[in-house]
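Residue-level structural notes
Chain by chain, the residues run as shown.
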Amino acid sequence: MIRDRRSIRNYTERDVPDDLLQTIIAAGIEAPTAMGLQPWRFVVVKDRDLLRRVSDYCRPILAEMVAREGGPGSEEFLAALRSPGFSLFYNAPVLVLVLGSREAQSGVIDCALCAENMMLAAWALGIGSCWIGSAAIVEKNPALLAELKVPDGYRIVAPLVFGYPAGLPPKPARREPLITWIR
């Protein structure tokens, strides 16, 4: 299962039922946390208009960053970001924000572990996912942040989209791990 999981960037219109999203979140909270703090909260967004507005806000900021920093694959991504119909969320029907407490020293790591559990659980249920890290740019917009109901004292750690895949991308090649054994 883990070796077959992919980041999905093309979704069908089919809705993900709330009970499956609750199952996915329940798998997430089984992740280990430092000192058992469980510093997470979740916001589930199914409002497509709000998703479009968040995407429209983030895209030009992200395009400027990508244009400035460059890197492998940046030209193709930059062209997509500048395309009027492009959705930062790849038209997925649901966005789940994994929020981390700003007070928890290991909150980002704990929430990242939670997010990975969620993506693996979704895959096991036949639901695709993708971590849209650049969507955290929305934190710069207080009005959108309020619409997303992100409470004070929390930050967006893992913006995850979920939906039924409209196709599977090829499996990416993996490099052999660099391992140092100390015996």
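Here we summarise the structure given alongside this text. On a predicted model such as this, the values are computed, not experimentally measured, just so you know.

Analysis parameters
- Residues numbered from 1 in each chain as written.
- Predicted model: local features only at pLDDT ≥ 70, side-chain atom pairs only at ≥ 80, totals over all residues.
- Heavy atoms only, no water.
- Pairing = 2+ DSSP bridges.
- Helix = DSSP H or I, 4+ residues; strand = E, 2+ residues; numbered from the N terminus.
- Axes fitted to C-alpha atoms, helices over the stretch in contact; angles between N-to-C directions.
- Contact = heavy atoms within 4.5 Å.
- Buried < 20%, exposed > 50% of the residue type's maximum accessible area, 1.4 Å probe, protein only.
- Arc of directions from axis to C-beta.

1. Section: the sheet that holds strand E4 (residues 154-163)
- As summarised here, the arrangement of the four strands in space is E1-E2-E4-E3, forming an open sheet in which the pairing is antiparallel. A strand with exactly one partner marks an edge of an open sheet, and here the two such strands are strand E1 (40-45) and strand E3 (128-131). Along the sheet, successive strands turn relative to each other by an average axial angle of 25 degrees, direction set aside.
- Examined bridge by bridge, strand E2 (residues 94-101) and E4 share eight bridges and lie antiparallel to one another. Its bridge partner being in E4, Val 96 is matched across the sheet by Leu 160.
- Across the face of the sheet, helix H1 (residues 18-28) comes into contact with E1, E2 and E4 while running at roughly 160 degrees to E1.
- Packing against the sheet, helix H4 (residues 107-124) makes contact with E1, E2, E3 and E4, and its axis sits at approximately 10 degrees to E4.

2. Considerations on the environment of Ala 112
- Its location among the elements puts Ala 112 in helix H4.
- What makes Ala 112 partly exposed here is its relative accessible area of 27%.
- Distance from Ala 112 to Gly 100, taken between C-alpha atoms, is 9.3 Å for residues 12 residues apart in sequence.
- For Ala 112, the residues in contact, after removing those within four places along its chain, are Trp 131 and Val 157.

3. Describing helix H3 (residues 74-82)
- Among the residues of H3, those classed as buried are Ser 74, Leu 78 and Leu 81. Take H3 and look down its axis: the buried residues cluster within an arc of 60 degrees, on one side only. Of the exposed residues in H3, those oriented more than 90 degrees away from the buried face are Glu 75 and Glu 76.
- Against the buried residues of H3 lie helix H2 (48-69).

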